[in-house]
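# Coordinate inspection notes
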Amino acid sequence: MGIQRLISLCPMAIRSFIRHKKLNFRSTSGMAEGYKQSNIVILHKFLADDFEKFCHANSGALPLLYRSKPGEWGCPPLSTDADIRDDCLEYWKFENGIFTGTLSSLEKYTDQLKDMVTFYLGCSFSFERAAQKAGVPVRNVEQKCNVSMYKTAVTCYEVGRFSCQLVVSMRPIPEDKLDAVVLATHPMKDVHGAPVHIGSPSYLGIKDLASPDYGDPVQLHPGDVPVFWACGVTGVEAVRGCKSPLAFTHSPGCMFITDLKCEEAVLSDPKESLHASCISHNPLHYSIASAKAIRKIQALENLIGADPGKRGILHLFIKDDLLKASLSLSHAKSVLITTGFPTHFNHQPPEENDGPPGAIAMAAMLLALGKEVTIVTDQRAISLNQKIIEDAIKGGVLKTAIPLVSYQGKDAESALKFLCQDGNPEAPRFEHLVAIERAGMAADGNYYNARKVNIKHLVDPIDSLFLAAQTIPRITTTGIGDGGNELGMGKVKEAVKKHIAGGDVIACDVAADFAITAGVSNWGGYAVACALYILNTCDIHERYLRKAIGFPRLFEADAWAAALPSVRKEEELLKILVSHRVRSGKTASLAMEVDGLPFYDTHSVMIDKLLELTR
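Residues numbered from 1 in each chain as written. Predicted model: local features only at pLDDT ≥ 70, side-chain atom pairs only at ≥ 80, totals over all residues. Heavy atoms only, no water.

You'll find the chain entered in an unreviewed UniProt entry as D-glutamate cyclase, mitochondrial, with Microcaecilia unicolor given as the organism. For the record of the chain, the UniProt heading Catalytic activity (unreviewed entry) holds the text "D-glutamate = 5-oxo-D-proline + H2O". On record in UniProt, under Subcellular location (unreviewed entry), the comment for the chain is "Mitochondrion matrix". (UniProt positions renumbered as here; feature names shortened; annotations may be inferred.)

Shown next as structure tokens:
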């Protein structure tokens, strides 16, 4: 019987063929199109309660459709005539966690099965028709093979004797169909829902797509992107780990076909949608978030784009770089932040007060989210920054101290050793570098303030870290500036030369992956902090971050909200900077102002508007 006929047959007919050993296929992919398929795990009843809790704790991989009673061969909610002893193409047998063979039937184990419980778990084969209806090709169906499945380095949430690594299935998806496949699968949470990773398999600890742990290699077409879903074969790994005296599972790809249709899943809000954004090309990495969260972040970007100094910065904007930088930071486990623009070379200290508040606002949010954060600045300014951070803690601006370091190396080897463990580019210490209002090196190797004065003698070569990061695949960079002479703004240097006064001299030559332009650089830092809050309180993005493993972190939202910038905190920090004689950038004043703009009625209003958009 050809697969084309099996696509259109009803589940009962296919189960009958399977039960009577009339089919010679290695996978049920594509069969009974539009009906849910199920992974199977059969365990002794004394393990059943813990395994059910394990399923609920890792629901992305193990969406529980039904738990049988001991010795129950059928599954009434899923099918009217099932007999789990014969209704899978092939079974796997495990003894004390060791795989001991394949079986075409479990009939001879009927006596043992009387004390065993069957778990029916949602399967990604179930959403393949929904993907096709959305115009997305399903390569494993096209290639008439099983889907590719891989063990990852992601650890599942442990319950009792159940502990294992997440298994994922991979389907190659054309880049222009990513949004469509995310949107099609997201509502179908009982069959794994939205993808848990899009892009390079290295982020999951997968070394070679051509060598799946289960299933068949599926060939990518030109323009395809690997897309990964949490997979029910995670249950097979859990069975291995629990070392039950006797257990059975389906053979990966040989699913139980239910009578439940899967076409009815729709978004809870039809007006809502999701979007996949590319946040790295080397290695390829996408992230996803809801359209609502993305619109909020785009509104933040538009808000901070005001040009109160009339510098011409509107020409420097790159749409959605705030979104992409924030998505990348949301994924990063460790972040290095740099700031410090010694524009006041005739004063002591020479620093301006634009930059440090934005840096601290970002650091506060990143720390609240559980990231490791370090600040790197000029050696001569370490003591000053240490005092500012200590006072910020006393004033309630920060909860904990931020490690401070300096960097004086002048070559690529020194930068590599600073950024990576033992200089190994495959083991970066920091996954994202952020420069905010940090003096950036111009094309001639000097550093200029807005008045075209060379301040190179006051600046350590932190640019070298951003240049080295361009050669380290797992490090992404962001530059935040308001004039084009800041580190990272080399991404828009041609626009700086054309539209900013003195741009042909002062333009920073060092590019970051993302360039965030703001009317005042501090506003860019505030916007990043707000965007991180928006993303992590977006249930779609939060699920993607944790790979649908464990429980949502949304209960931490109050702590994240407390880390947002506020008028009170930024007022306190500006007073701290004034007390240390850190001056306004444009006027060198020690008044309550930044870049010549008064804190009250300008910066305070901006902070309130950012918070209003965020919440």
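### Side note on the overall build of the chain
On a plain count of helices and strands, the chain comes out with 21 helices and 22 strands. By principal-axis analysis of the C-alpha atoms, the chain measures approximately 90 × 45 × 45 Å. Among the 615 residues that make up the chain, the fraction classed as buried is 62%. Considering only residue pairs separated by 6 or more positions, the chain has 75% of its internal contacts joining residues 24 or more positions apart. For the chain, the exposed surface amounts to about 23,400 Å²; the carbon and sulfur share of it is 51%. Looking at charge distribution, the chain has the averaged site of its 66 positive side-chain charges lying 2 Å from that of its 69 negative ones. (Helix = DSSP H or I, 4+ residues; strand = E, 2+ residues; numbered from the N terminus. Buried < 20%, exposed > 50% of the residue type's maximum accessible area, 1.4 Å probe, protein only. Contact = heavy atoms within 4.5 Å. Areas by Shrake-Rupley, 256 points an atom, 1.4 Å probe, with all protein chains shown as cover. Lys, Arg positive; Asp, Glu negative; His and termini not counted. Charge placed at Lys NZ, Arg CZ, Asp CG, Glu CD.)

### Details of the packing of helix H9 (residues 291-304) against helix H10 (residues 321-331)
One can describe the packing of H9 onto H10 by two numbers: an axis separation of 8 Å at closest approach and a directional angle of 120°. Considering the angle they form, H9 stands oblique to H10. Pair H9 / H10 crosses with right-handed handedness. Of H10, the residues touching H9 (which contributes Ile294, Ile297, Leu300 and Glu301) are Asp321, Leu322 and Leu323. (Axes fitted to C-alpha atoms, helices over the stretch in contact; angles between N-to-C directions. Parallel < 35°, antiparallel > 145°, perpendicular 65-115°, else oblique. Left-handed = near helix turned anticlockwise from the far one by under 90°.)

### A few points about the packing of H9 against helix H17 (residues 521-536)
Taken N-terminus to C-terminus, the directions of H9 and H17 make an angle of 170°; their axes are 10 Å apart at the nearest point. With respect to each other, H9 and H17 are oriented roughly antiparallel. Across from Ala293, Lys296, Ile297, Leu300 and Ile304 in H9, the residues of H17 making contact are Trp523, Gly524, Ala527, Cys530, Ala531, Ile534 and Leu535. In terms of residue class, the contact of H9 with H17 is built from ten nonpolar, one polar and one charged. (Nonpolar A, V, L, I, M, F, W, Y, C, P; charged D, E, K, R; others polar.)

### So, helix H3 (residues 45-57)
Three- or four-residue spacings in an α-helix give side chains the same orientation, since the helix completes a turn every 3.6 residues. When the terminal C-alpha atoms of H3 are compared, their 19 Å separation across 13 residues agrees well with the 18 Å that a helix rising 1.5 Å per residue should span. Within H3, the full set of buried residues consists of Leu47, Ala48, Phe51, Phe54, Cys55 and Ala57. Where H3 is buried, its residues touch strand S1 (35-44), strand S2 (64-67), strand S5 (116-122) and helix H8 (234-242). (Expected span 1.5 Å × (residues − 1).)

### What about the pairing of strand S3 (residues 91-95)?
Of all five residues making up S3, four are buried, and the element is well covered by its neighbours. In this structure, S3 lies alongside strand S4 (residues 98-103), joined through five bridges in antiparallel fashion. Residue pairing for S4: Phe94 is matched across the bridge by Phe99. The loop that links S3 with its antiparallel partner S4 comprises two residues; one of these, Asn96, has a positive phi angle of about 55°. Sheet topology note: the S3/strand S11 (residues 247-250) ladder contains four bridges and is antiparallel. Within the sheet, the bridge partner assigned to Lys93 lies in S11 and is Phe248. (Pairing = 2+ DSSP bridges.)

### Some details on the environment of Gln132
Relative to the helices and strands, Gln132 resides in helix H5 (residues 128-133). Judged by its relative accessible area of 27%, Gln132 falls in the partly exposed class. Sequence separation between Gln132 and Ala412 is 280 residues, and the spatial gap between their C-alpha atoms is 48 Å. Leaving out residues up to four positions away in the same chain, Gln132 has contacts with Glu33, Val138 and Val141.

### Some details on the sheet that holds strand S18 (residues 432-438)
Spatially, S17-S16-S15-S18-S19-S20 is the arrangement adopted by the six strands of the open sheet, whose pairing is parallel. Edge positions in the sheet fall to strand S17 (404-406) and strand S20 (514-517), since each of these pairs with one other strand and no more. The mean inter-strand angle of the sheet, taken between neighbouring strand axes irrespective of direction, is 25°. Relative to S18, strand S15 (residues 334-340) runs parallel, the two being bridged by six bridges. Counted as the bridge partner of Val335 is His432 from S18. H10 contacts S15, S18, strand S19 (476-481) and S20 of the sheet and is inclined by roughly 125° relative to S20.

### Here we look at the domain arrangement of the chain
The assigned domain composition of the chain is domain 1 (3-261) and domain 2 (274-614). Spacing between the C-alpha centres of domain 1 and domain 2 amounts to 44 Å. Facing 30 residues of domain 1, the contacting portion of domain 2 comprises 18 residues. Between domain 1 and domain 2 lies a buried interface of about 2,100 Å² when both sides are counted; carbon and sulfur atoms form 63% of it. Considering only the surface of domain 1 that becomes buried against domain 2, Asp179, Val196 and Tyr203 emerge as the three largest contributors, covering 28% of it. Applying the counting rule to domain 1 against domain 2 returns zero salt bridges. Sorting the residues of the side of domain 1 that touches domain 2 by element identifies H3, strand S6 (148-155), helix H7 (178-185) and strand S8 (197-199) as the ones contributing at least two each. Top element by residues in the side of domain 1 that touches domain 2 is H7. It accounts for four residues. (Domains from an automatic or database assignment. Buried area = accessible area lost by both parts, 1.4 Å probe. Salt bridge = Lys/Arg side-chain N within 4 Å of Asp/Glu carboxyl O.)

### Some thoughts on the packing of aromatic side chains
In total, this model carries 17 aromatic pairs according to the counting rule given. Relative to Tyr214, the ring of Trp92 has its centre 5.9 Å away and its plane inclined at 45°; by these criteria the two rings are tilted. Within this pair, whereas Trp92 is found in strand S3, its partner Tyr214 is found in strand S9 (residues 214-215), the two being separated by 122 residues in sequence. Plain terms: the ring middles of Phe127 and Trp229 are 5.0 Å apart, the flat faces sit at 40° to each other, and that makes the pair tilted. Taken together, the residues span a long stretch of sequence, with Phe127 in the loop between S5 and H5 and Trp229 in strand S10 (residues 224-230) at a distance of 102 residues. For the pair shown, Phe127 and Trp229 are each scored as buried. Cluster of aromatic residues (ring-pair linked, three or more members): Phe51, Phe54, Phe119 and Phe162. (Phe/Tyr/Trp six-rings, centres within 6.5 Å; stacked < 30°, edge-to-face > 60°.)

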